[in-house]
Amino acid sequence: QVHLVESGGGLVQAGGSLRLACAASGMIFSFNTMNWYRQTPGKQRELVAAITSDRNTNYADSVKGRFTISRDNPKNTVYLQMNSLKPEDTAVYYCNTFLRGMMFWGRGTQGTVSS
């Protein structure tokens, strides 16, 4: 059973930084693309960043140049470094992967940016 656990959310002022982490288990972590999504009330969940097994990365236009996704395979962990945060980055951030035809999600971590 794949299990994803996010951590690192919190409250920060605009311009500040947060570093999110997602610990994975129940899978061969190094083989999988890992994703970070976010969701705000009343809106669809959106893809923020992705990193492949080859460490190729992809970002939403809204976070390019501010967010960095990385992975530590020996620790089975994916990170999202978020800098120059804006109030519109306030959301619940979810870790995600796709494996054996199924999507797996963590429970999410709240990131709040005050103006």
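See the structure printed just above.
My aim in this report is to walk through the structure given alongside it, one point at a time. What you see is a predicted model, and the numbers here were worked out from it, not measured in a lab.

Rules and cut-offs
- Each residue is numbered by its place in its chain's sequence as written, counting from 1.
- Local features in a predicted model are, by the rule used here, given only for residues with pLDDT of at least 70; side-chain atom pairs are given and counted only at 80 or more, and totals for whole chains, interfaces and linings are based on all residues.
- Calculation of side-chain values draws on the structure's entire complement of heavy atoms; hydrogens and water are dropped beforehand.
- Under the scheme applied here, a residue whose accessible area is under 20% of the maximum for its type counts as buried, over 50% as exposed, and between as partly exposed, the area being computed with a 1.4 Å probe on protein chains only.
- Numbering goes from the N terminus for both helices and strands, where a helix is a DSSP run of H or I of at least four residues and a strand is a run of E of at least two.
- A carboxyl oxygen of Asp or Glu within 4 Å of a side-chain nitrogen of Lys or Arg is what we treat as a salt bridge.
- Put simply, a disulfide is two cysteine sulfurs that come within 2.5 Å.
- At least two bridges found by DSSP between two strands are what make those strands a pair.
- Between the rings of Phe, Tyr and Trp (Trp by its six-membered ring), a pair exists once the centres lie within 6.5 Å; its type follows the angle of the planes, with under 30 degrees stacked, over 60 edge-to-face, and the other angles tilted.

Considering unusual backbone geometry
Backbone geometry places Asn 76, a non-glycine residue, at a positive phi of 50 degrees. Classification of Asn 76 by relative accessible area gives partly exposed; the value is 26%. The backbone of Ser 84 shows a phi angle near 50 degrees, a positive value even though the residue is not glycine. Mapped onto the elements, Ser 84 comes out in the loop between β8 (77–82) and β9 (91–99). Relative accessible area serves as the criterion here: at 41%, Ser 84 is assigned to the partly exposed category.

Here we look at the pattern of salt bridges
Proximity of charged atoms lets side chains of opposite charge pair with each other. This model, assessed by the stated rule, comprises four salt bridges. In this structure, Arg 38 and Asp 89 form a salt bridge, with 2.9 Å as the shortest nitrogen-oxygen distance. A residue pair is termed long-range when its members are at least 10 positions apart, and Arg 38 in strand β4 (residues 34–39) and Asp 89 in the loop between β8 and β9 qualify at 51 residues. Assessed through its relative accessible area of 2%, Asp 89 is described here as buried. Among the ionic pairs, Lys 64 bridges to Asp 61, the shortest N-O distance being 3.1 Å. Judged by relative accessible area, which is 65%, Asp 61 ranks as exposed.

Examining the state of the cysteines
Within the structure shown, the criterion is met by one disulfide. In this model, Cys 22 is linked to Cys 95 through a disulfide, with the two sulfur atoms separated by 2.1 Å. Handedness of the Cys 22-Cys 95 disulfide follows from its S-S torsion of about -80 degrees: it is left-handed. With Cys 22 in strand β3 (residues 18–25) and Cys 95 in strand β9, the pair connects residues that are 73 residues apart, well separated along the chain. For the pair formed by Cys 22 and Cys 95, the shared burial category is buried.

Re the pairing of strand β10 (residues 102–105)
In this structure, β9 lies alongside β10, joined through four bridges in antiparallel fashion. Looking at the pairing, Phe 98 lines up with Met 103 of β10. The hairpin turn running from β9 into β10, its antiparallel successor, is two residues long, and Arg 100 in that turn takes a positive phi close to 55 degrees.

Overview of the packing of aromatic side chains
To describe a pair of aromatic rings, one takes the distance between the centres and the angle between the planes. All told, the structure shown has two aromatic pairs when counted by the stated rule. Here Tyr 37 and Trp 105 contribute two aromatic rings whose centre-to-centre distance is 4.9 Å and whose plane-to-plane angle is 65 degrees, an arrangement assigned as edge-to-face. With Tyr 37 in strand β4 and Trp 105 in strand β10, this pair connects stretches of sequence that are 68 residues apart. Accessibility expressed as a relative area gives 33% for Trp 105, which makes it partly exposed. Judged by centre distance (6.3 Å) and plane angle (90 degrees), the rings of Tyr 94 and Trp 105 are edge-to-face.

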